[in-house]
Amino acid sequence: MQHKIVIITGEYLHDFVEKSFADLRSDCSFETVIYRDFEHIADIYKRYEDVADGFFLSGSIAVDTIKRSYPEYRKPMMTFEMGGVGFYRTLFEFFMNKPELDPKRVVFDFLYSFGDEGSIDYLINHLSTSDIKRLVEDWMDKCELSDLYQVENRVSDKIKNLWDAGKIDLVFCQYSTIVSSLEKYGIPCVYPYPSTEHLRNLVDNLVSKIEMKNLEEDLPAVIILSNKSLSGEKSKDKSATRNLREALQNIRLNLALDMIIRWDDESIQLYTSKQNLNFLTENQKICQLSASLLEDYGIDTCIGYGIGRTITAASTCARTAHEEAKLRGESYIMDESHTLIGPLGTEQNMAVKQLMTEDIALIAERCKLSTLTIQKLRAIIKLNNSPLITTKELATRLNVTVRNANRILNNLEAGGGAELAYTQSETSKGRPVKVYKLTLASNVLLD
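Residues numbered from 1 in each chain as written. Predicted model: local features only at pLDDT ≥ 70, side-chain atom pairs only at ≥ 80, totals over all residues. Heavy atoms only, no water.

Notes on the side chain of serine 226
Its place among the elements puts serine 226 in strand E8 (residues 220–227). A distance of 2.8 Å separates the side chain of serine 226 from the side chain of histidine 322, its partner in a polar contact. With residues near it in sequence (within four places) discarded, serine 226 still touches Leu244, Glu266, Ser267, Asp300, Thr301, Cys302, His322 and Lys326. (Helix = DSSP H or I, 4+ residues; strand = E, 2+ residues; numbered from the N terminus. Polar contact = N/O pair within 3.5 Å; in protein donor to acceptor, adjacent residues only side chain to side chain. Contact = heavy atoms within 4.5 Å.)

What follows is the structure in C-alpha cells.
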C-alpha cells in the first residue's frame, strides 16, 4: 500500500528536500509544502491531516508547535534533521578541514532557543546529549505557544547582535528558515544536511509508525446503546428497542459506516472499529451518535463505547462504559488500556474529563486493587445510595465469586478503603454476616 507523506519545510530546504526524497525511490508518495513561520506550520498540518498518512518536518520545535496547536493531532510526525551522531561527525569533519576556526567564535543557533551561551566550544566541552535533552524539555515546559512562534526571529536577532558586536565568525544552523536572512546580513552559515541513508532510514521508521497507527485504528470496538425511556413493560420495551434499531440502521446507511448491529430486549450492540468509534466521537471528545438520535429521531439514549484488542475485550469495556452511562446519564468510553473517559460533551461543550483521577489511582495502589475495581466500587456506592455492603452483595454487584469479593474487601480494609461497620445475624443459626462500610475518600468520590 502506498502511503502519502507530506514534508513541511522552509523555502531554503525546498529544493534539497524535493530532490533527496525523490531519489529515495520509495513506495511512498511525497508532497513538499513550504511554511513561512512556525505559526504557519500548524495551519499546514491541519490542512493536510485528512489526506496525509504521515508528516516529515525539519525540526523538533516544529513538531512540538503542531502538537501544542492541535493536541488531538492524529497522524504520525517525524523530523528529518540530522541526528546527534551525524551532527557531531559533521562538526568534527568541518573543524578538521578548517583548523583556523576558533570553536569559541562558531555558534550553534539552536542553543540560543533556551540559553545565552551557544558556542561550539560550550556545546562540546560543557553539554552532553542528556544535558541538551533536559534543557530543551525544561524550556519547552515553560514556553507558551506564542514563544514557539517567535523563537526563530528571536534566535536570528540574537545572532545578528553577536555578529555586530564582532563576537562570532560562523553559524551552524538548525533553523533552516533563518539561513537566508543571516547570509544576506553577511554572516557565514553552515547547514548540516542529512545524508541519503539517514533519510531512507527515517522513511522506513515513519512508514512503520503509519502502519502501527493503522493497525491501532483497526482495533475492534463495541458500542452499547439503551433507550432511557424504557418503561419495564415488555411490549413497550420491544417497541422502543425496535425504534432505536431502525434509527441506527438509517444512521449507518447515511454515514456509510462499517458496523454490525445486534440487539436484545434491553440494549443494542454495534460491532465496529476504533476508527469508526473515533469518527462518531470526534476522537473521543463528543457523542455525535446520542445527539443525532435525540435531534433527528427523538430518542434519548445511554451509550457506552468500548475498545479492546479483541471483540470480547471491547465488549467488556463497552459494558463497563454503558453501566457508567446509565448511572450518570451521559456517554462514556472505556479504551483498550481500561481508562474510562467521559462524560463525552456535545458540540457546544467538548470538554472531556478523565475519570482516572489521582485519588482513584492512590486508593487503588494503597489497596492493591485495579483502578477499574475502585471505579466499579464507586459506582456501587452511587447505585446503593449507601457505602454499606456485605461480601455476598459485593460478589453479586461485581459478578465475581464470594471468595473474590472477600479478597477485595480484605484488601480494602487493609488499605483503608473499607471498615467493618457491624455484624448482623440472618437466622438464629450460622455465622453473623459482616457489613462493611466503603470509605474510598468519599468526600471526593461521592460528589
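Structure shown, so let's carry the discussion forward.
Digging into the sheet that holds strand E15 (residues 418–424)
If you walk across this open sheet you meet the three strands as E14-E16-E15, and the pairing is antiparallel. Because the sheet does not close on itself, it has two edges, and the strands there are strand E14 (388–390) and E15. Each adjacent strand pair in this sheet contributes to an overall mean axis angle of 35 degrees, direction not counted. Where E15 lies against strand E16 (residues 433–438), six bridges are found, and the strand directions are antiparallel. Across the sheet, the residue bridging to alanine 418 is leucine 438, located in E16. Packing against the sheet, helix H16 (residues 391–398) makes contact with E14 and E16, and its axis sits at approximately 90 degrees to E14. Of the strands in this sheet, E14, E15 and E16 are in contact with helix H17 (residues 402–415), which crosses E16 at around 50 degrees. (Pairing = 2+ DSSP bridges. Axes fitted to C-alpha atoms, helices over the stretch in contact; angles between N-to-C directions.)

Quick word on helix H6 (residues 129–142)
Its 14 residues give H6 an end-to-end C-alpha distance of 20 Å, which sits within 8% of 20 Å, the value for a rise of 1.5 Å per residue. All of the buried residues along H6 are Ile132, Val136, Trp139 and Met140. Taken around the axis of H6, the buried residues stretch over an arc of 100 degrees, which confines them to a single face. Across from the buried face of H6, at angles greater than 90 degrees, the exposed residues are Ser130, Asp141 and Lys142. In this structure, the buried residues of H6 make contact with helix H3 (60–69), helix H4 (84–97), helix H5 (120–126) and helix H7 (145–164). (Expected span 1.5 Å × (residues − 1). Buried < 20%, exposed > 50% of the residue type's maximum accessible area, 1.4 Å probe, protein only. Arc of directions from axis to C-beta.)

With respect to the confidence of the model for the chain
Looking at the chain, the pLDDT average stands at 85 and 91% of residues meet or exceed 70. Mean pLDDT values over the elements of the chain span from 38, in helix H18 (residues 442–445), up to 96, in strand E5 (residues 106–108). Predicted confidence is poor over residues 231–236, with pLDDT under 50, and the contacts of this stretch with residues over four places away or in other chains come to four contacts. Of the regions scoring below 50 in pLDDT, residues 442–447 engages in 10 contacts with residues more than four places distant in sequence or in other chains. (pLDDT = per-residue confidence, 0-100.)

Quick notes on the pairing of E16
Bridge count between E14 and E16: three bridges; the pairing is antiparallel. Within E16, the residue paired with isoleucine 389 across the bridge is tyrosine 436.

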